[in-house]
Number of protein chains: 2
Amino acid sequence: MEVRRRDIHNSDIPIVCRACEARHGGVCGTLTPEQLTELNKHSTRHRLETGAEVIGQGETIVNYSNIMRGVVKLTKVMADGRQQIVGLQFAPDFLGRPFLEESAITAEAATESEVCNFPRPVLDRLMKKTPELEHKLHRQALKELDEARDWMLTLGRKTAQEKVASFLYLIATHIDPESVDMSTFDLPLSRADIADFLGLTIETVSRQFTKLRKENVIRIENNRHVIVPDMDRLMRYASAD
Amino acid sequence: MEVRRRDIHNSDIPIVCRACEARHGGVCGTLTPEQLTELNKHSTRHRLETGAEVIGQGETIVNYSNIMRGVVKLTKVMADGRQQIVGLQFAPDFLGRPFLEESAITAEAATESEVCNFPRPVLDRLMKKTPELEHKLHRQALKELDEARDWMLTLGRKTAQEKVASFLYLIATHIDPESVDMSTFDLPLSRADIADFLGLTIETVSRQFTKLRKENVIRIENNRHVIVPDMDRLMRYASAD
DNA sequence: GCCGCCATTTGATTTTGATCAAGTGAAAGC
DNA sequence: GCTTTCACTTGATCAAAATCAAATGGCGGC
């Protein structure tokens, strides 16, 4: 049984949006072709080098973004430099904090990435007019909240080994939503970033990688490429459910 | 200059809602008197003993709630019993997870509390009809997300002493939004709960309380009543900004 | 191919917080 | 009034992860 799409002709949709809209279910998915065309007039695409900042902690939010490709890390920094990654966003996630003047976090490309930027007032106006859009953003916020709370359990109660296994499991299941085979992937984060995500030091992260490798839970090539022979086994090491 | 309220006569609002609506800005605040009356027809108020469960991890969500009085803790439990409190909700917070079948967390009264329950379908229907209501819930979700991320920094990067000081600061600033004087309050959590919130053991929490007491950052009476002579000093101990 | 740089790993030692084990003290029950 | 109980505190020891300190290894530039 074929389900007919509601949004009429693909040709009504801006060219740059087509590939994106077709592949994923980003926030633009709820918009009519007209709204998409209007939004697209003001939106700009950007390629981000690894480490490029989308927005900094304490800065005024003038743009929202959609991640088209790559991984963006959300970090919080303390006055003395201690750092914690509080979220990882993957394509096609929405990036931004509606209803707040300034950003409480820094958003920074963890890998070479591509984003689509919308001027804040344009999307805010569109949100007021289109309850469906706010609904979509509401869902995304709740998804991020669920993820944040899952991670709080990891940060507060798991051992270093469980933390590292949990991280690998998270990446395996999120890095490529297209792929059916999650057992081989490239890590989007350096050891330093992984440490900041897990609330550990680089050295502890490295030692746990070595330990998981020696116990044949994972194989590692070139420090970044990971192969998981048995995903369930990794999950058990992560004490995940 | 007096600001005239938009919502006509107070007498149009259900009696049980008046005190609540007047005191705080809960989710009901956006509803018209008619909608409030309609919602109130289906809503039920409950007194919760300390420890009473509002909903359990993995259970089907059949109700949403509003906290009228008291503190509710949100917890996650691992298969082996390790536990983490992933959120504290204070009156007049909304309690519930829209758009999801079952709850990923347990919600449980941390103190003797009072909640107002709404059958899920009633509020879901109202949300579809009233974008302002979804907007309010969206805002609440984002607030909880901000709080969760703040806490991730605490869990991942702060020392035991900073964690305990951060907890005290959090309670001081949240327990009684009415009060101007935040320097004296009762702890809504037992030492065991505080440990589960901070990712520590009871013993470590206790030792840090003793240390803060000896350094005159706080005074403690009857294990639960706390006096903070200098809030800025506590904040510095928390490494908060 | 060799050099230098930087990320990562590995090793030795220290520190922080966990664990194990008694105490203390306040409130409830007999 | 005395015991029992339970939450909390305090003390001694242990273990996990941090810190300090080198080594290793991959990669781009020359």
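Per an unreviewed UniProt entry, the recorded name for chain A is Helix-turn-helix domain-containing protein, and the organism is Shinella kummerowiae.

Superposing chain B onto chain A requires a rotation of 180° together with a translation of 0.0 Å along the rotation axis, leaving an RMSD of 0.0 Å. Those values place the two copies in the arrangement expected of a two-fold rotation axis. Both copies share a contact surface, since 100% of the interface residues of chain B are interface residues in chain A too.

Residues and elements named next belong to chain B. Scanning all chains against the criterion turns up three cavities of 30 Å³ or more. Each pocket or cavity is described by its volume, and for the largest cavity that value is around 120 Å³. The set of elements that each furnish at least two residues to the lining of the largest cavity consists of helix 1 (15-23), helix 2 (33-42), strand 3 (63-69) and strand 8 (113-119). Here the element with the most residues in the lining of the largest cavity is helix 1; it accounts for four residues. Looking at the lining of the largest cavity residue by residue, the classes come out as nine nonpolar, three polar and two charged.

The interface of chain B with chain A comprises 42 residues on the first partner and 42 residues on the second. Around 4,000 Å² of area is buried between chain B and chain A when both sides are counted, 61% of it from carbon and sulfur atoms. If you sort the residues of chain B by the area they bury against chain A, B:Arg149, B:Met152 and B:Arg157 come out on top, with a joint share of 21%. Linking chain B to chain A there are ten salt bridges. Across the contact surface, chain B and chain A share 22 residue pairs in polar contact (both at pLDDT 80 or more). Here the side of chain B that touches chain A gets 21 residues from one element, more than from any other, and that element is helix 4 (residues 131-157) of chain B.

Turning to the domain arrangement of chain A, a few remarks are in order. All names here are of chain A. Segmenting chain A into domains produces domain 1 (10-153) and domain 2 (158-237). The C-alpha centroid of domain 2 is placed 26 Å from the C-alpha centroid of domain 1. Taken over both partners, the interface formed by domain 1 and domain 2 buries close to 1,300 Å², and the fraction arising from carbon and sulfur atoms is 66%. The largest contributions to the domain 1 side of the interface with domain 2 come from Ile85, Phe90 and Trp151, which together make up 43% of the buried area.

Before going further, it helps to examine the nonpolar core. Most often, soluble globular proteins keep nonpolar side chains buried together rather than apart. In this structure, A:Leu88, A:Phe167, A:Leu168, B:Leu88, B:Phe167 and B:Leu168 are the most contacted members of the largest nonpolar core, which totals 131 residues. For this core, the element with the highest residue contribution is helix 5 (residues 160-174) of chain A, accounting for eight residues. Ignoring sequence-local partners within four residues, the contact set of B:Leu88 consists of B:Val71, B:Val72, B:Lys73, B:Phe167, B:Leu170, B:Ile171, B:Leu189 and B:Phe197.

We now examine the protein's contact with DNA strand C. Residues in close proximity to DNA strand C total 16 residues, the closest being A:Ser206, A:Thr210, B:Ala160, B:Thr204 and B:Arg207. Within 4 Å of the protein, the contacting atoms of DNA strand C are drawn from sugar and phosphate to the extent of 62%. A:Ser206 is positioned such that a nitrogen or oxygen atom in its side chain is 2.8 Å from a phosphate oxygen of DNA strand C. Within the side chain of B:Thr201, an N or O atom sits 3.1 Å from a phosphate oxygen of DNA strand C. Only helix 7 (202-214) of chain A together with helix 7 (202-214) of chain B provide two or more residues apiece to the surface near DNA strand C. The element best represented in the surface near DNA strand C is helix 7 of chain A, accounting for five residues. Looking at the surface near DNA strand C, its residues break down into three nonpolar, eight polar and five charged.

Calculation criteria
Residues numbered from 1 in each chain as written. Chains lettered and ligands numbered in written order. Predicted model: local features only at pLDDT ≥ 70, side-chain atom pairs only at ≥ 80, totals over all residues. Heavy atoms only, no water. Least-squares fit on C-alpha atoms with pLDDT ≥ 70 in both. Contact = heavy atoms within 4.5 Å. 1 Å grid on protein atoms, 1.4 Å probe; cavity = no way out; pocket = protein on both sides within 12 Å on 5 of 7 lines; lining within 4 Å. Points joined across faces, edges and corners; volume = space filled by probe spheres on them. Helix = DSSP H or I, 4+ residues; strand = E, 2+ residues; numbered from the N terminus. Nonpolar A, V, L, I, M, F, W, Y, C, P; charged D, E, K, R; others polar. Buried area = accessible area lost by both parts, 1.4 Å probe. Salt bridge = Lys/Arg side-chain N within 4 Å of Asp/Glu carboxyl O. Polar contact = N/O pair within 3.5 Å; in protein donor to acceptor, adjacent residues only side chain to side chain. Domains from an automatic or database assignment. Core = buried A, V, L, I, M, F, W, Y, C linked by side-chain atoms within 4.5 Å. Buried < 20%, exposed > 50% of the residue type's maximum accessible area, 1.4 Å probe, protein only. Near = heavy atom within 4 Å.

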